[in-house]
Amino acid sequence: MIDSAQLAALAARIGPVPRYTSYPTAPHFQPATDDRIWRGWLGDLPADSAFALYVHVPFCRQMCWYCGCNTQVLKSDGTLERFLGLLLREIDLAMPYLPAQPRMSGLHFGGGTPSILGSDGLQRVADKLYRRFRATPDAEIAIELDPRHFDAGLLPGLKALGINRASLGVQSLDETVQAAINRHQPLDMVARTADALRDAGIPSINLDLIYGLPGQTVENVIETVRASLALQPDRIALFGYAHVPWMKPHQARIDTAALPDTAARFAQEAAAAEVLIDAGYCRVGLDHFARPQDALAQQAAAGQLNRNFQGYTTEAGDMLLGFGPSAISTLPQGYAQNIPAVAPWRAAVEAGHLPVARMRAVTMEDRLRRAAIEQLMCHLQVNLADLAIRHGMAPRIFDADLPRLALLEEHGVVTRQGYRLQIAETGRPLVRQVCAAFDSYLQQQSAATPPRHAAA
Ligand SMILES: C[S@@+](CC[C@H](N)C(=O)[O-])C[C@H]1O[C@@H](n2cnc3c(N)ncnc32)[C@H](O)[C@@H]1O
Ligand code: SF4
């Protein structure tokens with residue numbers, strides 16, 4: 001049994017590690033001089049390829065001080081109208097390069113606050129996509145919603161879009177914490193939103209919670225989790241606050257003296273997880289919980305969970321197409337990230353270019369390492385030898401990595417028999433640290449210049 005203080009000590013000794021929503025991770029993408037390679041990759045895909053689609057809307061009505069997302073406060077409705085026009089144009093620009101009969105395995109509206117586009121705006125985006133992509137029968141159509149800016153007027157539009165999963169930002173329900181993060185949102189407001197969505201027939205509700213925020217304690221995290229459970233969410237995402245003020249200057253408004261230390265963060269995470277497990281939720285990967293009958297829990301139990309830029313997903317395959325500033329796309333050949341800032345993204349689209357800023361082709365070895373990392377992130381275990389052979393490589397490719405696990409093995413975080421690894425349940429919070437042993441770019445980078453990831 002490893003306690004929070006030991007987890008914190010181990011995390012400190014290993015140092016900051018990425019979140020592994022991709023491999024290679026986004027800092028290792030390279031600047032793209034134009035969209036030619038990306039167009040070529042799209043053109044080489046089979047005619048009936050199935051894509052998960054992601055649409056990023058980088059605007060919010062107000063800024064939460066903890067926010068790590070790519071967003072900004074909306075200054076005028078004119079900006080929004082212009083943005084919508086350009087988003088539709090970006091989709092049009094990609095159309096000629098898509099395979100002949102593309103399918104859509106899922107559609108996710110994220111942000112920012114995607115509902116800021118209103119029912120009509122969302123419908124215009126969806127109509128364009130639905131005209132070209134044929135939805136697979138089990139396609140998940142999801143949207144991130146901010147309960148502070150939800151009104152019942154949106155419901156008919158969400159239903160018309162075919163939304164079957166809504167994700168509500170909750171974070172903390174403690175008033176002191178809410179004041180410290182500039183997000184006032186009483187439980188009532190969240191409950192009304194969840195009830196309205198359910199009454200309208202939207203079957204799956206996810207709540208996002210965060211631990212490690214200023215003023216959070218084990219007690220108020222437990223209270224937030226208990227209050228959230230009363231809303232009977234199908235899924236809960238429990239994220240650790242990432243404090244990166246050098247990337248997100250508004251986070252400088254967070255009082256660092258009020259931030260829990262690493263041991264306290266682990267204690268908050270463990271306490272929240274215990275309440276959720278006691279309530280019958282299944283653990284999914286590093287930071288998700290789902291009711292046993294939910295598809296995410298079932299796929300986790302069946303060893304068929306996947307991970308992409310949106311986190312854990314039931315959608316298989318390595319085809320994700322992202323639209324909007326900062327959106328990341330994945331194809332079998334590699335990754336591409338759109339220009340993150342709105343103004344240069346707009347300029348690229350206006351000039352008729354796919355707004356790709358950074359790309360990364362994946363090698364055979366990247367694919368193998370990505371599969372190992374995904375297995376660990378999703379299922380906490382991996383047979384590296386089997387995986388290597390399936391990728392046409394010799395298991396000894398991992399021999400130089402295995403000694404890096406010594407510290408974690410010594411403390412019982414991970415057990416190893418030859419090339420078989422199993423992360424202990426109490427070691428789950430350090431799954432990213434286990435993955436880091438197989439991240440050759442992180443190892444090269446640490447040798448050159450120390451990386452700057454969230455300390456938390
Ligand atoms: C892209 S946001 C969209 C949700 C929606 N805008 C809202 O806030 O209600 C998705 C989630 O990311 C999480 N998040 C945002 N900033 C974070 C940070 N700095 N550290 C950890 N999680 C964060 C929050 O839980 C948030 O609900
Ligand atoms: S957490 Fe959500 S609502 Fe708050 S600023 Fe970030 S994207 Fe906007």
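Keep in mind the model is a prediction, meaning the values are calculated, not measured. (Residues numbered from 1 in each chain as written. Chains lettered and ligands numbered in written order. Predicted model: local features only at pLDDT ≥ 70, side-chain atom pairs only at ≥ 80, totals over all residues.)

Focus on the sheet that holds strand β18 (residues 381-383)
Alright, step 1. Overall, antiparallel pairing links the 3 strands, which are arranged β18-β20-β19 in an open sheet. Looking at strand neighbours, the two that pair on one side only are β18 and β19 (414-417), the edges of this open sheet. Adjacent strand axes in the sheet meet at a mean angle of 10 degrees, parallel and antiparallel pairs treated alike.
Alright, step 2. Of the pairings in the sheet, the one linking β18 to strand β20 (residues 420-423) comprises 3 bridges and is antiparallel in character. Bridge assignment links V382 to a residue of β20, and that residue is L421.
Alright, step 3. Set on the sheet, helix α12 (residues 364-379) makes contact with β18 and β20; between it and β18 the angle comes to about 145 degrees. (Pairing = 2+ DSSP bridges. Helix = DSSP H or I, 4+ residues; strand = E, 2+ residues; numbered from the N terminus. Axes fitted to C-alpha atoms, helices over the stretch in contact; angles between N-to-C directions. Contact = placed C-beta atoms within 7 Å.)

Let's talk about the site of ligand 2
Alright, step 1. C60, M63, C64, C67, C69, T71, G111, G112, T113, D146 and G169 make up every residue found near ligand 2.
Alright, step 2. By residue class, the composition of the shell around ligand 2 is 5 nonpolar, 5 polar and 1 charged. (Near = placed C-beta within 6 Å. Nonpolar A, V, L, I, M, F, W, Y, C, P; charged D, E, K, R; others polar.)

Points about the nonpolar core
Alright, step 1. Membership of the largest hydrophobic core comes to 122 residues, with the highest contact counts inside it found for L376, V431, V434 and C435.
Alright, step 2. With 7 residues, strand β2 (residues 50-57) is the single largest residue contributor to this core.
Alright, step 3. No fewer than three residues from each of domain 1 (1-18 + 363-456) and domain 2 (25-323) sit in this core.
Alright, step 4. In this structure, V434 is in contact with L376, L405, L408, V413, V414 and I423, ignoring residues within four places of it in sequence. (Core = buried A, V, L, I, M, F, W, Y, C linked by C-beta atoms within 7 Å. Buried ≥ 20, exposed ≤ 12 C-beta atoms within 10 Å, placed from the backbone. Domains from an automatic or database assignment.)

Section: the site of ligand 1
Alright, step 1. G68, D146, G169, D208 and F239 are the nearest of the 16 residues found near ligand 1.
Alright, step 2. Every element with two or more residues in the shell around ligand 1 is listed here: β5 (103-111), β7 (165-171) and β8 (204-211).
Alright, step 3. A per-class count over the shell around ligand 1 returns 7 nonpolar, 6 polar and 3 charged.

Describing the packing of helix α3 (residues 77-94) against helix α4 (residues 118-132)
Alright, step 1. Contact pair α3 / α4: the axes reach a minimum separation of 10 Å and the direction vectors enclose 10 degrees. On the basis of the axis angle, α3 is roughly parallel to α4. Residues L84, L87, L88 and I91 of α3 form the contact with α4, whose participating residues are G121, R124, V125, K128 and L129.
Alright, step 2. Among the residues forming the contact of α3 with α4, the class breakdown is 6 nonpolar, 1 polar and 2 charged. (Parallel < 35°, antiparallel > 145°, perpendicular 65-115°, else oblique.)

Comments concerning the domain arrangement of the chain
Alright, step 1. Domain annotation of the chain identifies domain 1 (1-18 + 363-456) and domain 2 (25-323).
Alright, step 2. Facing the 20 residues of domain 1 at the interface are 23 residues of domain 2.
Alright, step 3. Listing elements by their share of the side of domain 1 that touches domain 2, those giving two or more residues are α1 (4-14), α12 and α15 (431-436).
Alright, step 4. Among the elements that take part in the side of domain 1 that touches domain 2, α1 stands out by supplying 6 residues, more than any other.
Alright, step 5. Residue composition of the side of domain 1 that touches domain 2, by class: 14 nonpolar, 2 polar and 4 charged.

Quick word on the pairing of strand β17 (residues 356-361)
On any regular strand, side chains alternate: one points to one face of the sheet, the next to the other face.
Alright, step 1. In the sheet, strand β1 (residues 30-31) pairs with β17 via 2 bridges, with the strands oriented antiparallel. Among the inter-strand pairings, P31 is bridged to a residue of β17, identified as R358.
Alright, step 2. Sheet analysis places strand β16 (residues 334-338) next to β17, joined by 5 bridges and oriented antiparallel. Within β17, the position partnered with Q337 by the bridge is R358.

A word on helix α7 (residues 187-199)
The periodicity of an α-helix, 3.6 residues per turn, causes residues three or four positions apart to be oriented the same way.
Alright, step 1. Over its 13 residues, α7 extends 18 Å from the first C-alpha to the last, a length consistent with the 18 Å expected when each residue adds 1.5 Å.
Alright, step 2. Restricting attention to buried positions, one finds in α7 the residues V190, T193, A194 and L197. All buried residues of α7 fall inside an arc of 95 degrees around its axis, so they share one side. Facing away from the buried side of α7, by more than 90 degrees, are the exposed residues D188, D195 and D199.
Alright, step 3. Just downstream of α7 lies G201, where phi reads positive at about 90 degrees. (Expected span 1.5 Å × (residues − 1). Arc of directions from axis to C-beta.)

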